[in-house]
Amino acid sequence: MTLNAELSRRIYTDMWRIRLFEEEALRQTSLGSVKGTLHTYCGEEAIAVAVCAHLRDDDYVLGTHRSHGHCLAKGAPMDRMMAELFGRTTGSCRAKGGSMHIADFSRNILGANGIVAGGIGPGTGTALASKIRKSDQVSVVFFGDGAAARGPFHEGLLFGSLWKLPVIYVCENNGYQQWVPRRNVAVVDSVADMAASYAIPGVSVDGQDLEAVYGAAEEAVARARRGEGPTLIEARTYRFYGHSLGDMEEYRSREEVDDWRENRDPIKLFSAWMKERQWLGDDEDEAIQTEVKAEIVRSVTYAEESPLPSPEDVMTDVLDDEWRVSA
Amino acid sequence: MRTIALRDALREALHEEMARDDSVFVIGEDVIAHGGPYTVTQGIVDKWPERIFETPIAEAGIVGLGVGAALAGMRPVVEIMYVDFITCAMDEVVNQAAKMRYMTGGQASVPIVIRLPCGPARLVAAQHSQIMESWFMHVPGLQVVAPSTPYDAKGLMKTAIRSPDPVAFFEYKALYVSEGEVPEEDYVIPFGKADIKREGEDATVVAIGGMVPRALEAGIALEDEGYDIEVVDPRTLAPLDMETICESVRRTGRVVVCEMDSSFAGTGAEIAAALAEQCFHDLRAPIVRVGSPHVPMPFAEELVNVTVPDAKAVANAVRKVMA
């Protein structure tokens with residue numbers, strides 16, 4: 001689908017939904033309402049929204065420890081996500097998963113994943129399921145550049161290519177593997193180059209440029225749906241906040257962060273891109289942000305008013321307790 | 001009733017379940033060529049060529065794909081050639097398959113069966129002979145199955161495939177060719193139901209997997225000494241049917257717990273601890289455990305013979321609790 005004014009406004013709105021959801025979540029950690037840690041996606045929003053714009057409700061998405069953006073872009077209800085961060089029983093995972101394991105199976109969002117590269121094998125497996133069932137559902141696995149060092153990345157890509165599975169591997173290369181610059185621990189600059197080892201297309205795009213990610217994803221999703229196999233997309237990006245809460249960020253300079261925030265913010269860039277085309281006026285821009293802010297407030301209210309779990313909840317959901325075998 | 005080998009019973013279960021349910025598929029190394037090293041997957045490629053996947057040697061990938069396919073509603077039966085190799089896919093088993101239902105607040109179902117051929121056979125030493133059941137018992141969200149007879153193997157495999165949650169299915173390599181009566185019709189064996197393999201009055205011998213035939217052999221030998229032992233086979237280690245085990249121990253007042261794996265922090269340790277908590281006052285002698293010493297599996301037969309407990313070791317343990 002061509003990137004038209006209406007679709008662009010929807011995508012733009014989703015970028016703000018991700019940005020403001022996370023900034024509110026960060027605020028709520030300082031208030032003590034959100035406990036545990038958070039890995040924020042701020043600065044990387046263009047990738048999730050541009051990729052998910054090509055997906056149907058029944059397509060699969062698997063994420064990382066940094067997956068609020070993937071979930072929102074794939075259509076997870078924000079109020080239930082906020083409730084999950086608040087540890088409430090109305091949360092997406094009924095307070096059992098939290099930020100790092102957030103999932104919404106009603107939208108085929110099969111989960112954030114606290115293990116680096118943990119989603120790559122399973123995301124290739126959902127694609128295998130599509131192939132066996134002769135369904136044209138595609139699977140998208142998001143992962144960071146750190147994942148490209150792990151075995152499951154290599155094994156997953158091998159299987160995906162070997163059996164021509166309908167899967168799109170999206171590497172969000174934000175330049176840092178937690179606190180270590182990628183250049184210190186990687187031997188190839190672009191993760192996309194690693195696609196050659198598995199005989200699949202590898203594409204590197206500017207992850208701050210929504211149009212670029214959108215185009216690469218469009219081709220990859222179409223290729224997967226046609227049954228022609230996987231694509232590895234590397235989107236070069238940057239995270240505006242630290243790796244997780246409490247990151248002192250001693251490994252990068254204030255100037256570097258400020259430069260990205262000022263000049264390479266995907267929301268600012270896309271807003272300007274739309275305005276150039278007369279697809280977004282200043283009033284509309286403000287209205288979108290006002291509306292998103294209202295949605296954030298509603299999600300916080302929903303979370304605050306939701307019940308905390310009871311001690312007996314700890315024992316449920318280990319196995320399907322209702323299940324009994326029958327001949 | 002007809003008599004078939006344990007590996008034939010497993011194969012029959014697979015074929016029946018694949019015929020019954022289109023979502024069942026097989027994935028693993030060499031599963032088409034020769035039907036796997038143990039021939040359990042033989043014949044599947046002829047009937048369902050689109051539901052059997054022969055893989056590169058990439059266990060993390062194999063199990064990872066299985067987890068994903070299961071999340072998408074398929075029922076993968078994964079063959080790991082030797083249980084020892086599952087260590088290459090422990091993240092996929094422990095962090096992905098086992099925890100997914102819980103982490104997602106009950107949204108996820110991971111109906112995967114991971115077949116784990118285990119135990120000493122053919123003197124293949126430390127990296128091809130482990131058992132490792134207790135590793136998996138310790139992970140919440142996993143079901144652990146260890147059949148000792150062809151009858152149990154077929155019924156438990158069918159239950160495993162129909163289960164909505166992950167199953168680690170231990171197949172003792174030494175038992176693949178052991179024979180027993182197996183009905184041709186469909187039947188299932190519920191998880192968490194131990195089976196009394198031999199009734200007796202004097203002592204309870206809890207035996208797991210490959211130790212069951214050895215315990216039964218010990219039972220025959222001990223008859224001459226006037227000891228009538230009861231052999232209880234838990235069949236599934238998670239869930240573990242302590243009720244049946246305790247009921248037996250309350251009757252006999254004496255118990256030996258046998259496993260082929262290292263006793264240290266093993267399956268028998270869990271059973272012995274649970275017995276101490278639940279049946280202490282019924283015990284007329286201290287619990288005795290039988291298992292391997294805490295060493296990797298050696299190569300030379302002379303060393304293997306003093307590592308893996310045999311029927312004599314079981315009999316000696318019974319004499320100890322009877323003394």
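Residues numbered from 1 in each chain as written. Chains lettered and ligands numbered in written order. Predicted model: local features only at pLDDT ≥ 70, side-chain atom pairs only at ≥ 80, totals over all residues. Heavy atoms only, no water.

**A short note on the pairing of strand β7 (residues 167-172) of chain B**
Residue and element names in this part refer to chain B.
- Of all six residues that make up β7, six are buried, and the element is covered over most of its length.
- Residues V167, F169 and E171 of β7 are buried on one face, and the alternating residues A168, F170 and Y172, pointing to the opposite face, are buried as well.
- In the sheet, strand β5 (residues 113-118) pairs with β7 via six bridges, with the strands oriented parallel. Paired with I114 across the two strands is A168, which belongs to β7.
- In terms of strand pairing, strand β6 (residues 143-145) meets β7 through three bridges, oriented parallel. (Buried < 20%, exposed > 50% of the residue type's maximum accessible area, 1.4 Å probe, protein only. Helix = DSSP H or I, 4+ residues; strand = E, 2+ residues; numbered from the N terminus. Pairing = 2+ DSSP bridges.)

**Some words on the pattern of salt bridges**
- One pass over the structure, following the stated rule, counts 50 salt bridges over all chains.
- Note that B:E50 is salt-bridged to A:K134, the shortest N-O span being 2.7 Å. One end of the pair, B:E50, is in the loop between α2 (44-47) and β3 (52-54); the other, A:K134, is in the loop between α5 (120-132) and β2 (139-144), on a second chain.
- Residue class for B:E50 comes out exposed when judged on its relative accessible area of 52%.
- In this structure, A:E276 engages A:R277 in a salt bridge whose closest nitrogen and oxygen atoms are separated by 3.7 Å.
- By sharing partners, the salt bridges in this structure join B:R2, B:E12, B:E16, B:E17, B:R20, B:K154, B:K158, B:R162, B:E184 and B:D186 into a single network. (Salt bridge = Lys/Arg side-chain N within 4 Å of Asp/Glu carboxyl O.)

**A few points about the environment of A:D79**
Residues and elements named next belong to chain A.
- Secondary-structure assignment places D79 in helix α4 (residues 78-85).
- When the C-alpha atoms of D79 and T90 are compared, they prove to be 8.8 Å apart, with eleven residues separating the residues in sequence.
- Here D79 is in contact with S299 and Y302, once residues within four sequence places are set aside. (Contact = heavy atoms within 4.5 Å.)

**Details of the domain arrangement of chain B**
All names here are of chain B.
- Considered domain by domain, chain B is made up of domain 1 (3-181) and domain 2 (195-322).
- Once you take the C-alpha centre of each, domain 1 and domain 2 turn out to be 26 Å apart.
- With 22 residues of domain 1 in contact, the opposing surface of domain 2 contributes 24 residues.
- Linking domain 1 to domain 2 there are two salt bridges.
- At the boundary of domain 1 with domain 2, the tally comes to eight residue pairs in polar contact (both at pLDDT 80 or more).
- Looking at the side of domain 1 that touches domain 2, the elements with two or more residues in it are α6 (133-137), β6 and α7 (150-162).
- Each residue belonging to the side of domain 1 that touches domain 2 can be placed in one class, and the counts come to 15 nonpolar, five polar and two charged. (Domains from an automatic or database assignment. Polar contact = N/O pair within 3.5 Å; in protein donor to acceptor, adjacent residues only side chain to side chain. Nonpolar A, V, L, I, M, F, W, Y, C, P; charged D, E, K, R; others polar.)

**Considerations on the packing of aromatic side chains**
- What the rule picks out here adds up to 15 aromatic pairs over all chains.
- Seen in terms of ring centroids, A:Y176 and A:Y251 are 5.2 Å apart; in terms of plane orientation they differ by 55°. Their pairing is tilted. One end of the pair, A:Y176, is in strand β4 (residues 176-177); the other, A:Y251, is in the loop between β7 (231-236) and α9 (254-263), with 75 residues separating them in the sequence.
- Judged by its relative accessible area of 18%, A:Y251 falls in the buried class.
- With a centroid separation of 5.8 Å and 85° between ring planes, the pair formed by B:F25 and B:F53 is classed as edge-to-face. Taken together, the residues B:F25 in strand β2 (residues 24-28) and B:F53 in strand β3 connect sequence positions 28 residues apart. The exposure classification of B:F25 matches that of B:F53, with both residues buried.
- Taking the ring centre of B:Y102 as reference, the NZ or CZ of A:K96 above it sits at 4.7 Å.
- One Lys or Arg, A:R252, reaches over the ring of A:Y176 and ends 5.9 Å from the middle of that ring. (Phe/Tyr/Trp six-rings, centres within 6.5 Å; stacked < 30°, edge-to-face > 60°. Lys NZ or Arg CZ within 6 Å of the ring centre and 35° of its normal.)

**Looking at the sheet that holds strand β4 (residues 75-79) of chain B**
All names here are of chain B.
- The sheet built from seven strands is open, its strands ordered β3-β2-β4-β5-β7-β6-β12 with mixed pairing. Edge positions in the sheet fall to β3 and β12 (236-238), since each has one partner strand and no second. Mean inter-strand twist for the sheet, computed between neighbouring axes without regard to direction, equals 20°. (Axes fitted to C-alpha atoms, helices over the stretch in contact; angles between N-to-C directions.)

**Here we look at the environment of A:L158**
- Looking at the secondary structure, you find A:L158 in helix α6 (residues 151-162).
- Taking the C-alpha atoms as reference points, A:L158 and A:A186, separated by 28 residues in sequence, lie 20 Å from one another.
- Dropping the residues within four chain positions of it, A:L158 is found in contact with A:Y198 and B:P56.

**Some words on the nonpolar core**
- Grouped together as the largest cluster of nonpolar side chains are 149 residues, with contacts concentrated most on B:I86, B:F136 and B:L275.
- In this structure, this core is formed jointly by two domains, domain 1 (3-181) and domain 2 (195-322) of chain B, each of which donates at least three residues.
- Those residues in contact with B:F136 that lie beyond four places of it in its chain are B:I86, B:M90, B:V93, B:L116, B:L142, B:V144, B:A168 and B:F170.
- Core analysis: the second largest hydrophobic core is formed by 62 residues, A:L20, A:V138, A:F142 and A:I288 among them. (Core = buried A, V, L, I, M, F, W, Y, C linked by side-chain atoms within 4.5 Å.)

**Points about the sheet that holds strand β9 (residues 195-198) of chain B**
Residues and elements named next belong to chain B.
- Taken together, five strands build an open sheet; the order of strands is β9-β11-β10-β13-β14 and the sheet is mixed. With partners counted over all chains shown, the strands left at the sheet margins are β9 and β14 (288-292), one partner each. Ignoring strand direction, the axes of neighbouring strands in this sheet form an average angle of 25°.
- Sheet topology note: the strand β13 (residues 255-262)/β14 ladder contains four bridges and is parallel. By the bridge assignment for β14, S262 is matched with S292.
- Contacting β10 (203-207), β11 (229-233), β13 and β14, helix α12 (residues 311-322) runs over the sheet at an angle of about 165° to β14.

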